[in-house]
Amino acid sequence: MITGVYTPTEGEIYFDGEIVDTVNLAEKEEKKIVTGENSSVVIVAKDGKIYFEQSPCPDKVCIKSGKLSKNGDFASCLPEKVVIKISGAEGNEPDAIVY
């Protein structure tokens with residue numbers, strides 16, 4: 001028996017160290033958020049995941065971070081001062097899996 005299948009509940013979007021938006025990852029509809037130093041960073045929340053879709057930064061590390069789906073996952077675009085992070089209710093992610 002395997003116990004502990006949990007779904008993250010929300011994605012948090014930070015700009016310049018301040019939270020600017022919270023996205024419910026349980027919603028089925030795609031949501032696009034535009035933020036950043038020049039309002040040129042596009043973040044997508046879809047199918048229980050959140051990710052950077054577009055950014056003007058030169059190396060695109062934020063986009064290459066991929067789709068975040070687990071509680072505690074985060075990615076950042078440092079040139080644009082944007083961080084996305086997955087969070088949820090305390091205890092939402094299992095500490096251990098028991099077989």
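Residues numbered from 1 in each chain as written. Predicted model: local features only at pLDDT ≥ 70, side-chain atom pairs only at ≥ 80, totals over all residues. Heavy atoms only, no water.

Asks: Could you give an account of the packing of aromatic side chains, with specific residues and numbers?
Replies: Summed over the entire model, instances satisfying the criterion amount to zero aromatic pairs. For the cation-ring pair, Lys67 lies above Tyr51, with the distance from its terminal atom to the ring centre recorded as 5.0 Å. (Phe/Tyr/Trp six-rings, centres within 6.5 Å; stacked < 30°, edge-to-face > 60°. Lys NZ or Arg CZ within 6 Å of the ring centre and 35° of its normal.)

Asks: Go over the pattern of salt bridges, please, and point to the residues and values.
Replies: In total, this model carries four salt bridges according to the counting rule given. A salt bridge links Glu30 to Lys46, with the shortest nitrogen-to-oxygen separation between them at 3.7 Å. With Glu30 in the loop between β2 (18-24) and β3 (31-35) and Lys46 in strand β4 (residues 41-46), the pair connects residues that are 16 residues apart, well separated along the chain. Its relative accessible area of 41% is what places Glu30 among the partly exposed residues. Note that Lys81 is salt-bridged to Glu37, the shortest N-O span being 3.5 Å. Of this pair, Lys81 sits in the loop between β6 (74-77) and β7 (82-87) while Glu37 sits in the loop between β3 and β4; the two residues are 44 residues apart in sequence, bridging distant segments of the chain. A relative accessible area of 39% means that Lys81 is categorised as partly exposed. For Glu37, a relative accessible area of 41% puts it in the partly exposed group. (Salt bridge = Lys/Arg side-chain N within 4 Å of Asp/Glu carboxyl O. Helix = DSSP H or I, 4+ residues; strand = E, 2+ residues; numbered from the N terminus. Buried < 20%, exposed > 50% of the residue type's maximum accessible area, 1.4 Å probe, protein only.)

Asks: Run through the sheet that holds strand β1 (residues 10-15), naming residues and quoting values.
Replies: If you walk across this open sheet you meet the four strands as β2-β1-β7-β6, and the pairing is antiparallel. Edge strands, defined here as strands with exactly one partner in the open sheet, are β2 and β6. Neighbour to neighbour, the strand axes of the sheet diverge by 20° on average, direction disregarded. Sheet analysis places β1 next to β2, joined by six bridges and oriented antiparallel. Within β2, the residue paired with Glu10 across the bridge is Asn24. (Pairing = 2+ DSSP bridges. Axes fitted to C-alpha atoms, helices over the stretch in contact; angles between N-to-C directions.)

Asks: Give a description of the nonpolar core that names residues and reports values.
Replies: Core analysis: the largest hydrophobic core is formed by 17 residues, its most contacted members being Ile13, Ile43, Ile50, Phe52 and Ile84. In contact with Ile43, not counting residues within four places along its chain, are Ile13, Lys31, Lys32, Ile33, Thr35, Ile50, Tyr51, Phe52, Glu53, Val82 and Ile84. (Core = buried A, V, L, I, M, F, W, Y, C linked by side-chain atoms within 4.5 Å. Contact = heavy atoms within 4.5 Å.)

Asks: Describe the sheet that holds β4, naming the residues involved and giving the relevant values.
Replies: One open sheet holds the three strands; their spatial order is β3-β4-β5, and the pairing between them is antiparallel. The open sheet has two edge strands with one neighbour each: β3 and β5 (49-54). Put simply, the sheet's adjacent strands are angled 25° from each other on average, direction ignored.

Asks: Now, about the environment of Phe15: what can you tell me, with residues and values included?
Replies: For Phe15, the position within the fold is in strand β1. Classification of Phe15 by relative accessible area gives partly exposed; the value is 22%. Phe15 sits 61 residues away from Ser76 along the chain, and the two C-alpha atoms are 9.9 Å apart. With sequence-adjacent residues up to four places away left out, Phe15 is seen in contact with Val20, Thr35, Gly36, Glu37, Glu80, Lys81 and Val82.

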